[in-house]
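Residue-level structure breakdown
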Amino acid sequence: MASPVPVLLLSGAYDPVTPPEWAERAATTLPKSRRLVFRSAGHLVTSGEPCALAAATTFIETESLPANACPGAGKPPRFTTP
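Residue indices begin from 1 for each chain and proceed along its sequence in written order. For this predicted model, a pLDDT threshold of at least 70 governs which residues receive local features, and a threshold of 80 or more governs which side-chain atom pairs are given and counted, while totals over whole chains, interfaces and linings are taken from all residues. In computing side-chain values, all of the structure's heavy atoms are included and hydrogens and water are not.

Attention now goes to the pairing of strand β2 (residues 33–38). Two strands qualify as a pair provided that DSSP identifies no fewer than 2 bridges between them. Helical segments are the DSSP runs of H or I of at least four residues, strand segments are the runs of E of at least two, and each set is numbered from the N terminus. Pairing of strand β1 (residues 7–12) with β2, which is carried by six bridges, proceeds in the parallel orientation. Looking across to β2, one finds that Leu-8 is bridged to Arg-34. The parallel pair β1 and β2 is bridged by helix α1 (residues 20–27), and the resulting crossover is right-handed. Seen with its strands pointing away from the viewer, a crossover is right-handed when the path leading from the first strand over the helix to the second is clockwise.

On to the environment of Ala-67, then. Within the fold, Ala-67 resides in the segment after α3 (50–62). Given a relative accessible area of 79%, Ala-67 falls into the exposed group. When the C-alpha positions of Ala-67 and Arg-34 are compared, they lie 9.7 Å apart, and in sequence the two are 33 residues distant. Buried, partly exposed and exposed residues are distinguished by accessible area as a fraction of the type maximum, computed with a 1.4 Å probe on protein chains only: under 20%, between the cut-offs, and over 50%, respectively.

Let's shift gears to the confidence of the model for the chain. With 100% of its residues at a pLDDT of 70 or more, the chain has an overall mean of 91. You can read pLDDT as the predictor saying how much it trusts each residue, on a scale of 0 to 100. When pLDDT is averaged over each element of the chain, α1 comes out on top at 96 and helix α2 (residues 45–48) at the bottom at 88.

Turning our attention to unusual backbone geometry. Outside of glycine, negative phi angles account for most residues, and trans bonds account for most peptide bonds. Residue Glu-63 is not a glycine yet carries a positive backbone phi of 60 degrees. Counting through the fold element by element, Glu-63 comes out in the segment after α3. Note on Glu-63: relative accessible area 54%, which makes it exposed. Phi is positive for Cys-70, close to 50 degrees, though the residue is something other than glycine.

What follows is the structure, given as structure tokens:
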């Protein structure tokens with residue numbers, strides 16, 4: 001069943017609980033949805049990605065997001081060595 005309600009789907013590429021593929025499937029029934037996948041995040045996207053929290057706040061307030069929201073979301077994780 002489709003829903004006309006605006007929905008923001010935030011996913012972390014390394015989420016073992018609710019993988020990005022699930023958001024992709026959900027989006028097929030949510031015509032007013034926006035998806036953002038954070039390549040360097042896991043399950044708690046809004047706690048580890050400041051832009052994700054800002055995007056969620058903007059979406060709640062305006063029911064939309066600019067096309068260039070969270071441009072760094074597609075960047076792969078950076079690994080550092082001691």
